[in-house]
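One letter stands for each residue in the lines below.
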Amino acid sequence: MGKFITLEGIEGVGKTSNLNFIRELLEAAGQACVVTREPGGTPLGEALREMLLGHRDDNMSADAELLLMFAARAEHLAKVIRPALDAGKTVLCDRFTEATYAYQGGGRQLDIGKISGLENWVQGELRPDLTLILDAPVEVGRERAGKRSAPDRIEQEKDDFFQRVRQAYIALAHEHPERITLINAEPPLEEVQLQIREKLSEYGILGK
Ligand code: Z5A
């Protein structure tokens, strides 16, 4: 069984940049990697991503948003994640269920029981072996993301939404320290990557 590693954090903290760094580290250590993302990762998932993040006029309800995230995830698990893990590959995923706890639970303030019920249904006992949460103040992430592209539907939320998302991520790391850890994503990229390398060793993903 391969290892399942996920990267999380508010927008612009450097998930995409660091995912490539992790892939290079693991491949250099001889681990075959599958890099993927949520929502997305399959043709159906990418179509759902477009519905979820594209600019729509119909003000999608929070429950519909939650269910679509898990519909995309069910497909992703069946078609990409479980087959890769079963084949002994390392799966590196840009966001997973911790994003649902942070955005739909923290940001939208949906009942956590709804999320954990869906998590148990869709994933069974599968949880990431390691989740790295890149943490930085909301203003820092926004400033970095703003330089790059126009905001998607969720990115258009106000700062207090993202403050709740950030706090929900921090709470998850405190709740599950055995598999979720925080990385200070505020310093320059090289420093962040040093922390990531240390965490991968500490959690037994990369040799010491
Ligand atoms: N979502 C949800 O609500 N519920 C769910 O269950 C799931 C997702 C799975 C997906 O967006 C959206 O879906 C997301 C949550 C929601 N919406 N929001 N917000 P996404 O993950 O595809 O996109 P994103 O969150 O907006 O990420 P991003 O904008 O792609 O940012 P990033 O990947 O974290 O950052 P980056 O592209 O690597 O870096 C951004 C820039 O900063 C870039 O120019 C880098 O060169 C620069 N950078 C990175 N690190 C540094 C450091 N350390 N110093 C200086 N500059 C840096």
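These numbers were taken from a predicted model, which means no experiment stands behind them.

1. Considerations on the sheet that holds strand β3 (residues 90-94)
Taken in spatial order, the 5 strands of this open sheet run β2-β3-β1-β4-β5, and their pairing is parallel. The open sheet terminates on both sides in strands that have one partner only, identified here as β2 (33-37) and β5 (180-184). Pairwise comparison of adjacent strand axes, ignoring direction, gives a mean angle of 20 degrees for this sheet. Bridge analysis of β2 against β3 gives 5 bridges, and the strand direction is parallel. Pairing of Arg37 across the sheet is with Asp94, part of β3.

2. Description of the site of the ligand
Taken together, the neighbourhood of the ligand is formed by 28 residues, with Thr16, Ser17, Arg49, Arg95 and Glu155 sitting nearest. Here an oxygen atom of the ligand and a side-chain polar atom of Lys15 are 2.7 Å apart. Arg144 is positioned with one of its side-chain polar atoms (N or O) 3.3 Å from a nitrogen atom of the ligand. Look at the ligand: alone it shows 1,100 Å² of surface, and the protein chains cover 84% of it. It is helix α4 (residues 97-107) that provides the largest number of residues to the shell around the ligand, a total of 4 residues. When its residues are assigned to classes, the shell around the ligand shows 13 nonpolar, 6 polar and 9 charged.

Thresholds applied
- Residues numbered from 1 in each chain as written.
- Predicted model: local features only at pLDDT ≥ 70, side-chain atom pairs only at ≥ 80, totals over all residues.
- Heavy atoms only, no water.
- Pairing = 2+ DSSP bridges.
- Helix = DSSP H or I, 4+ residues; strand = E, 2+ residues; numbered from the N terminus.
- Axes fitted to C-alpha atoms, helices over the stretch in contact; angles between N-to-C directions.
- Near = heavy atom within 4 Å.
- Polar contact = N/O pair within 3.5 Å; in protein donor to acceptor, adjacent residues only side chain to side chain.
- Areas by Shrake-Rupley, 256 points an atom, 1.4 Å probe, with all protein chains shown as cover.
- Nonpolar A, V, L, I, M, F, W, Y, C, P; charged D, E, K, R; others polar.

Without other data, these values stay purely geometric and don't point to any function.
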